[in-house]
Amino acid sequence: MAGELAESTRHLAELTGDPARVAVFGCGPRLPAEWASANARFTLCDFDDRALRQAVADAPATVVESLHLCGTRTPWPDRRFDLVVVTSRLAGGLWKRWGDHVTAEAKRLGGEVRVPGADRM
């Protein structure tokens, strides 16, 4: 996941938010080292509470929020984020059943949505 996240957020300087507001659905337990110096504020979400706790424990200060959820429903208002990344951690049964819901929620929340592992989902 760290590789997917690094690739999906490499373009943060191009986003309009200063700093960019980024949500990640399916963050996994390890985050990209590059996030420590990113001009962004990250919100982490994962369906696995243990993975989320590990990610938060090792997270740089740029991570400002974390929630235990999969992305079908979230507590945020429309356009809360500049970017929403949906990782391939949601692949398999979860994506097959709820992928349309997760995608719709990501589009509601973000100015831009990236699904880097879509070919594996």
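Scroll up a little and you will see the structure.
Procedures and definitions
Residues numbered from 1 in each chain as written. Predicted model: local features only at pLDDT ≥ 70, side-chain atom pairs only at ≥ 80, totals over all residues. Heavy atoms only, no water. Helix = DSSP H or I, 4+ residues; strand = E, 2+ residues; numbered from the N terminus. Rg over C-alpha atoms; globule rule 2.2 N^0.38 Å. Buried < 20%, exposed > 50% of the residue type's maximum accessible area, 1.4 Å probe, protein only. Contact = heavy atoms within 4.5 Å. Areas by Shrake-Rupley, 256 points an atom, 1.4 Å probe, with all protein chains shown as cover. Lys, Arg positive; Asp, Glu negative; His and termini not counted. Charge placed at Lys NZ, Arg CZ, Asp CG, Glu CD. Core = buried A, V, L, I, M, F, W, Y, C linked by side-chain atoms within 4.5 Å. Pairing = 2+ DSSP bridges. Right-handed = clockwise from strand over helix to strand, strands pointing away. Phe/Tyr/Trp six-rings, centres within 6.5 Å; stacked < 30°, edge-to-face > 60°. Lys NZ or Arg CZ within 6 Å of the ring centre and 35° of its normal.

(A) Spotlight on the overall build of the protein. Across its full length, the protein holds 3 helices and 5 strands. Ordered by position from the N terminus, the helices and strands of the protein form the series α-β-β-α-β-β-α-β. Over its C-alpha atoms the protein spans a radius of gyration of 13 Å, differing by no more than 12% from the 14 Å that the globule rule assigns to 121 residues. If one aligns the C-alpha atoms of the protein with their principal axes, the spans along those axes are about 35 × 30 × 25 Å. Taken over 121 residues, the protein has a buried fraction of 45%. Long-range pairs, those at least 24 residues apart, make up 65% of the contacts in the protein between residues at least 6 apart in sequence. Here the protein displays about 6,200 Å² of accessible surface, and carbon together with sulfur accounts for 48% of that area. Distance between charge centres in the protein, computed from 16 positive and 16 negative side chains, equals 4 Å.

(B) Expanded view of the environment of V84. If you trace the backbone, V84 turns up in strand β4 (residues 81-86). For V84, the residues in contact, after removing those within four places along its chain, are A23, F25, A106, L109, G110, E112, V113 and R114.

(C) Representation of the nonpolar core. Membership of the largest hydrophobic core comes to 17 residues, with the highest contact counts inside it found for L12, V22, L31, F42 and L44. Going through the elements one at a time, β1 (20-25), β2 (40-46), α2 (49-57) and β4 are the ones with two or more residues in this core. In this structure, L31 is in contact with A2, L5, L44, A55, A59, P60 and V63, ignoring residues within four places of it in sequence. Counting residues in each nonpolar core, the second largest holds 13 residues, with C45, V84, L90 and L109 among its members.

(D) Here's a closer look at the pairing of strand β3 (residues 63-68). Of the strand pairs in this sheet, β2 and β3 are connected by 5 bridges, and their pairing is parallel. Bridged to F42 within β3 is V63. With respect to chirality, the unit in which β2 leads through α2 into the neighbouring parallel β3 is right-handed.

(E) Looking closely at the packing of aromatic side chains. Enumeration over the complete set of coordinates arrives at 2 aromatic pairs. When the centroid spacing of 3.7 Å and the interplanar angle of 10° are considered together, the rings of W35 and F42 count as stacked. Residue F42 is classed as buried on the basis of its relative accessible area of 0%. Measuring from ring centre to ring centre gives 5.1 Å for W76 and F81, while their planes differ by 85°; the resulting arrangement is edge-to-face. Over the aromatic face of F81 sits the side chain of R80, whose NZ or CZ is 5.0 Å from the ring centroid. Against the face of W98 rests R97, its NZ or CZ located 4.0 Å from the ring centre.

Don't take any of this as a statement about function, it's just geometry.
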